[in-house]
Amino acid sequence: MNHRSILKFTAGLLIAGLSITGGVARAATDASEITVWETFLKEAIFKDANIIEDKTVIDMNTPYRAEDAAVTPVTITAQFAQTPERYIEKLYLVVDKNPQPLVGEFNLTPDMGKADLALRVRIDQYTFIRAIAVLNNGEHHMVANFVKAQGGCSDPPQGDLDAAMQRIGKMKFRTVGELLADGTQVGQFSVSHPNLTGMQVNQRNGFTIPEHYVKTVKLTFDGKVIMEAKTGISVSADPSFRFFFKPGHGGKFKAEVEDSKGNKFAEEFDVSQSAAEQKT
Amino acid sequence: MTITTNRHKRAPRYLAILVASGFATTAAYAPPFNLTEVAPGNFVHYGKHVTFEDKDHDDIANIGFIVGERCVAIVDTGGSISTGEALKAAMAERTQVPVCYVINTHVHFDHLLGNAAFTAAAQPKFVGHANLADAVASNVGFFLKNYGGNLGPQPSAAMIIGPDTMVDSTLELDLGGRKLLLRAWPKAHTNADLTVLDQATGTLWLGDLLFRERIPSLDGSIKGWLAVIEELQGEKVGAVIPGHGPAGDDLRVALAAEKQYLEVLVKDVRGHLAAGDPIDQAAEQAGASEQGRWQLWEQHHKRNVSKVYTELEWE
C-alpha cells in the first residue's frame, strides 16, 4: 500500500470508526484517544510491528494547549547521534483525531548527524499526537503527547489566498546558530504553499476550497540526502522544517518539492564555508 | 447636533459623569445587568474580563444600543441568546420605540450569538460588514460545537443569525432625528470589522478594533489592524466605545495602548524571524514587555504571536 492510499485508508477508517462508535469525537478522554490509535491507526500504518512506547530513542515537545490550532509547533528530539551503525531511518508523525491522521513519513539518514525534526502541524480537535521512530535495526519506538487544540483543519487560509498562490513554491533556507562541536548545525527550510486541506471554506462565496498540499519534500546537501518526506494536509500552511545537517566546508543545499497537483519546485542554496563556521 | 427628545433628556446623565471621572469600572460592573449612557442616547452594557471557559463567558463583550426618535439600533448582542434577552429587557426600560437595526461589529461569538433575541418582535434589519455573512456561515459549525449551549437547550443553526444588510464601504442608517454612519474596514481584527458612528453625538462604537484592559485578539491581519488604527486615530469623534473595556473620550488616547501592543508584536516577531528562531520560541518571548499591561494575557497572547509570525514570515 503506497503512502497516499494509507492516508486515505486511515482517514476512511477513522471516519467509519467514529460513526460506528457514535461519540468518540466528542468524548475527548484519554481512553477514547487510545482507542482510536489502538483500534484503527496502529494497524493501518504499522501493521503488526511491535511498537515500544519509551523515550530511549526520541522525545517530543508539543504545547499542552496549542494556542493556534492551524500552526502547532512539534519538535522531535533524537536521544543519540546518527551513525552508520545505529541511526533513526524513519520518523512518522500521527495526529490521532485529525481527518488525515498521518501527518507525514520522514526518511532520515546518518548524514543528518542528529535526527531532530521540528515542524508545524494542524490539530483539528483535542487529540494525542505521536511520533514513531524506526531504527535501522527495525525497532519501532513511540512517544505520545496529548494536545488541546481544535479547528486547525478548517481554519481559513492564513492571510490572503491570492497572495499565497502568487508566492507558491518560493523557498527559504538558512542555517541557524553556530556550528556545533560534533560538526552539526541547525538548518531551517521553508516552502511557501497554502497547503489547502480541502476542508477550508472560501469566505467570499461559501464554497469549500479543493485540497492542494505539499506531497513530497527532498532535501540534499552536497548530493547526499538529508531528509525525504511524504506529507499531507495535516502539515501547516507554508511548511517549515528544522533539522540538523553537517555543513562541513560548505556546499550546495538543494530542496525539491512536489505538491498534490503535480507542481514541482526546486531550488539550490549555497552554504559557504564561512557561513557554516561563522557564529550567527 | 444635539438630541432633543424627552426620552433622551430624561436619561441619567450622572452615569456619563461617572464614566468621565473614572468610576466607570465599579459603576458599570455591578450586577445584575449594568447599563451606562456613555453619551446621550448611546447605552453600553460592559462585558466582563473573564475567559472563554468562565461561566460568564457569554457576557464578555461590550454591547448596547442607540436610541432615535423612530427606532433603536442594537450594536452587538452578546455571547448568548440570554445575554441578548437581557439587553433587550434593559432597553425596554429606556425606550418604547422598536428596534429597527441589529448591527454586528464582527463575527466573534461574544458579539453575535445574542442576535436571535431580536428576531421576533419588530423584525429588524441585521446589518454587518460585506464579509460578515460568509464569516457567519463558515463559523456555524464552530459556534454550535463550542457555544451551542449559549443558544439554549436545543441549539440549531437557525438560531445563529447573520446579516441581511451588508456594508461594502459605508452606510447611513436613519433612526429618526439621529443618523448613524457605518463603516466597513479592510482586514484588521477580523476580516469583517465594522464601526458605528452616531453622528448626533459623535460617539464611535469600534467593536473589537479597540480593546482596552483585556488583551487584544488577532484573527485578521496585524499589518491591516495597525493601518486601520493609523487611519482611525486622526478621526474627530466624541466618546469612544471599545469592544472590551471602558469607554473613553479621546480616540487617540484610547487607541494608544493597543497600538503599542501590536507594534511591539511586529517589532519583536521580526527580530525572532531575523534570528531564525522557531515559532514556539517567539511565542514564549515576543511581546513580553507588554505582559503587565493587559488582563487575560494567557487567553490570547501566544496565539497572537503565532498569527503575527506566520503573517510576517513571508512578507
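Every residue gets a number counted from 1 within its own chain, in the order that chain's sequence is written. For this description, chains carry letters from A and ligands carry numbers from 1, given in the order in which they are written. Only residues with pLDDT of 70 or above have their local features reported here, since the model is predicted, and side-chain atom pairs are shown and tallied only from 80 upward, although totals for entire chains, interfaces and linings are computed over all residues. With hydrogens and water set aside, each side-chain value is computed from the structure's full complement of heavy atoms.

1. Considerations on the overall build of chain B
This is how the line gets drawn: Secondary structure counts use DSSP, requiring at least four H or I residues in a row for a helix and at least two E residues in a row for a strand, with both numbered from the N terminus. Only protein chains enter the accessibility calculation, which uses a 1.4 Å probe. A residue is then buried if its area is under 20% of the maximum for its type, exposed if over 50%, and partly exposed in between. In what follows, a contact means two residues having at least one pair of non-hydrogen atoms within 4.5 Å. The method behind every accessible area is Shrake-Rupley, applied with a 1.4 Å probe, and residues are considered shielded solely by the protein chains displayed.
Helix and strand content of chain B: ten helices and twelve strands. A total of 315 residues make up chain B; the buried ones form 60% of that total. Taking the contacts inside chain B whose residues are at least 6 apart along the sequence as the reference set, 67% of them involve residues at least 24 apart. Only carbon and sulfur atoms are counted for the fraction: they give 53% of the accessible area of chain B, which is about 12,200 Å².

2. Considerations on the pairing of strand β3 (residues 63-67) of chain B
All names here are of chain B. Under the convention used in this document: We call two strands paired when DSSP finds no fewer than two bridges between them.
With five of five residues buried, β3 is to be regarded as a mostly interior element. Alternating positions in β3 separate into two faces, I63, F65 and V67 on one and G64 and I66 on the other, with burial throughout. As judged from the four bridges shared by strand β2 (residues 42-45) and β3, these two strands associate in the antiparallel manner. Considered in β3, the bridge of N42 is made with I66.

3. Topic: the confidence of the model for chain B
For clarity, the threshold we go by: Per residue, pLDDT measures the predictor's confidence, with a range of 0 to 100.
Of the residues in chain B, 90% reach a pLDDT of 70 or more, and the chain-wide mean stands at 90. Note on residues 1-30 of chain B: pLDDT is under 50 here. Beyond four places in sequence and across chains, it has 43 contacts.

4. Details of the packing of aromatic side chains
In plain terms, the rule: Two rings from Phe, Tyr or Trp (for Trp, the six-membered ring) form a pair when their centres are within 6.5 Å of each other. A pair whose planes differ by under 30 degrees is stacked, one over 60 is edge-to-face, and the rest are tilted.
This structure, assessed with the given rule, holds 20 aromatic pairs over all chains. For the ring pair F221(A) and F245(A), a centre distance of 5.1 Å and an interplane angle of 80 degrees mean the geometry is edge-to-face. Note that F221(A) is positioned in strand β11 (residues 214-221) and F245(A) in strand β13 (residues 240-245), a separation of 24 residues in sequence. By relative accessible area, F221(A) is classed as buried at 7%. Centre to centre, the rings of F109(B) and Y147(B) are 3.8 Å apart; their planes meet at 5 degrees, and the pair counts as stacked. Remark: Y147(B) occurs in helix α6 (residues 132-147) and F109(B) occurs in helix α5 (residues 109-112); sequence separation between them is 38 residues.

5. Overview of the sheet that holds strand β10 (residues 194-198) of chain B
Residue and element names in this part refer to chain B. Applicable threshold: Every angle, taken between N-to-C directions, lies between 0 and 180 degrees, and every axis is a line fitted to C-alpha atoms, over only the stretch in contact when it is a helix.
One open sheet holds the five strands; their spatial order is β8-β9-β10-β11-β12, and the pairing between them is mixed. Two strands lie at the open edges of the sheet, namely β8 (170-174) and β12 (240-244), each paired on one side alone. The average undirected angle you get between the axes of adjacent strands in this sheet is 25 degrees. Examined bridge by bridge, β10 and strand β11 (residues 203-211) share three bridges and lie antiparallel to one another. If you follow L197 over to β11, its bridge partner there is L204. Contacting β9 (179-184) and β11, helix α7 (residues 222-232) runs over the sheet at an angle of about 155 degrees to β11. With respect to the sheet, helix α8 (residues 251-275) is in contact with β11 and β12, its orientation differing from that of β11 by roughly 5 degrees.

6. Re the state of the cysteines
Residues and elements named next belong to chain B. Operational definition: When two cysteine sulfur atoms lie within 2.5 Å, the pair is treated as a disulfide.
The tally for this structure, following the rule as stated, stands at one disulfide over all chains. Each sulfur of the disulfide joining C71 and C100 lies 1.9 Å from the other. Where C71 bonds to C100 through sulfur, the torsion about that S-S bond is close to 65 degrees, and the disulfide is right-handed. With a gap of 29 residues between them, C71 in the loop between β3 and β4 (72-75) and C100 in strand β5 (residues 99-103) connect regions that are remote in the sequence.

7. Here's the deal with α6(B)
All names here are of chain B. Spelled out, the test is: The span you would expect from a helix comes to 1.5 Å times its residue count less one. By definition, a residue's bend is the angle between the axes fitted to the seven residues ending there and the seven starting there.
Here α6 contains 16 residues, and its C-alpha end-to-end distance of 19 Å is more than 12% below the 22 Å for a straight helix at 1.5 Å per residue. By the largest-angle criterion, N139 marks the main kink of α6, which is about 50 degrees. L132, D134, A135, V136, V140, F143 and Y147 are the residues of α6 that are buried. Where α6 is buried, its residues touch α5 and β6 (125-129).

8. With respect to the environment of T201(B)
Residues and elements named next belong to chain B. Counted only if it meets this: Counted as a polar contact is a pair of N or O atoms within 3.5 Å, where, for protein atoms, one must be capable of donating a hydrogen and the other of accepting one, and residues adjacent in sequence contribute only when both atoms are in side chains.
Tracing the backbone through its elements, the reader meets T201 in the loop between β10 and β11. Here the alpha-carbon distance between T201 and V99, two residues 102 residues apart in the chain, equals 20 Å. Among the polar contacts listed, one links the side chain of T201 to the side chain of D198, at a separation of 2.6 Å. In terms of polar contacts, T201 uses its side chain to reach the side chain of T203, at 2.6 Å.

9. Examining unusual backbone geometry
Residues and elements named next belong to chain A. The phi dihedral of K47 falls on the positive side, at around 50 degrees, and the residue is not glycine. Position of K47 among the secondary structure elements: in the loop between α2 (30-46) and β1 (51-53). By relative accessible area, K47 is classed as exposed at 56%. If you check the backbone angles, D222 has positive phi at about 55 degrees while not being a glycine.

10. Re α8(B)
Residues and elements named next belong to chain B. Taking 1.5 Å of rise per residue, 25 residues should cover 36 Å, and α8 covers 36 Å from first to last C-alpha, within 8% of that figure. Taking the largest bend as the criterion, α8 deviates by roughly 35 degrees, centred on A257. The backbone nitrogen of R252 lies 3.0 Å from a side-chain oxygen of the residue at the head of α8, namely D250.

11. A few points about the sheet that holds strand β7 (residues 127-135) of chain A
All names here are of chain A. Spatial strand order, β1-β8-β7-β4-β5-β12-β11-β14-β15: nine strands in an open sheet with mixed pairing. With partners counted over all chains shown, the strands left at the sheet margins are β1 and β15 (264-271), one partner each. Adjacent strand axes in the sheet meet at a mean angle of 15 degrees, parallel and antiparallel pairs treated alike. Pairing of strand β14 (residues 251-259) with β15 involves eight bridges; the strand directions are antiparallel.

12. Section: the pattern of salt bridges
For the record, the criterion: Think of a salt bridge as a Lys or Arg side-chain nitrogen and an Asp or Glu carboxyl oxygen that are within 4 Å of each other.
Enumeration over the complete set of coordinates arrives at 22 salt bridges over all chains. The salt bridge partner of D59(A) is K55(A), with a shortest N-O separation of 3.7 Å. Judged by its relative accessible area of 25%, D59(A) falls in the partly exposed class. Where salt bridges share partners, they join K48(B), K55(B), D56(B) and D59(B) into one cluster.

13. Side note on the side chain of T72(A)
Residue and element names in this part refer to chain A. Along the chain, T72 turns up in strand β3 (residues 72-78). A polar atom in the side chain of T72 sits 3.5 Å from the backbone oxygen of D68. Setting aside its immediate chain neighbours within four residues, T72 contacts P63, A66, L119, R120, V121, I123, V147 and S236.

14. What to know about the environment of D56(B)
Residues and elements named next belong to chain B. Take D56: it is sitting in the loop between β2 and β3. With near-sequence residues (within four places) excluded, D56 lies in contact with K48 and V50. In this structure the side chain of D56 is engaged in a polar contact, spanning 3.2 Å, whose partner is the side chain of K55.

15. Considerations on the interface of chain B and chain A
Put simply, an interface is often sized by how much accessible area is lost when its parts join up. The following threshold applies: Accessible area that two parts lose when put together, evaluated with a 1.4 Å probe and summed over both, is termed the buried area.
Of the residues lining the interface, 26 residues belong to chain B; the matching set on chain A comes to 32 residues. Between chain B and chain A, a total of about 2,400 Å² is buried, with carbon and sulfur atoms accounting for 41% of that surface. The largest per-residue losses of area from chain B upon contact with chain A belong to D134(B), E313(B) and W314(B), which jointly make up 29% of the total buried on that side. Taken together, chain B and chain A are joined by two salt bridges. The salt bridge involving K307(B) is made with D68(A); its shortest N-O contact spans 3.6 Å.

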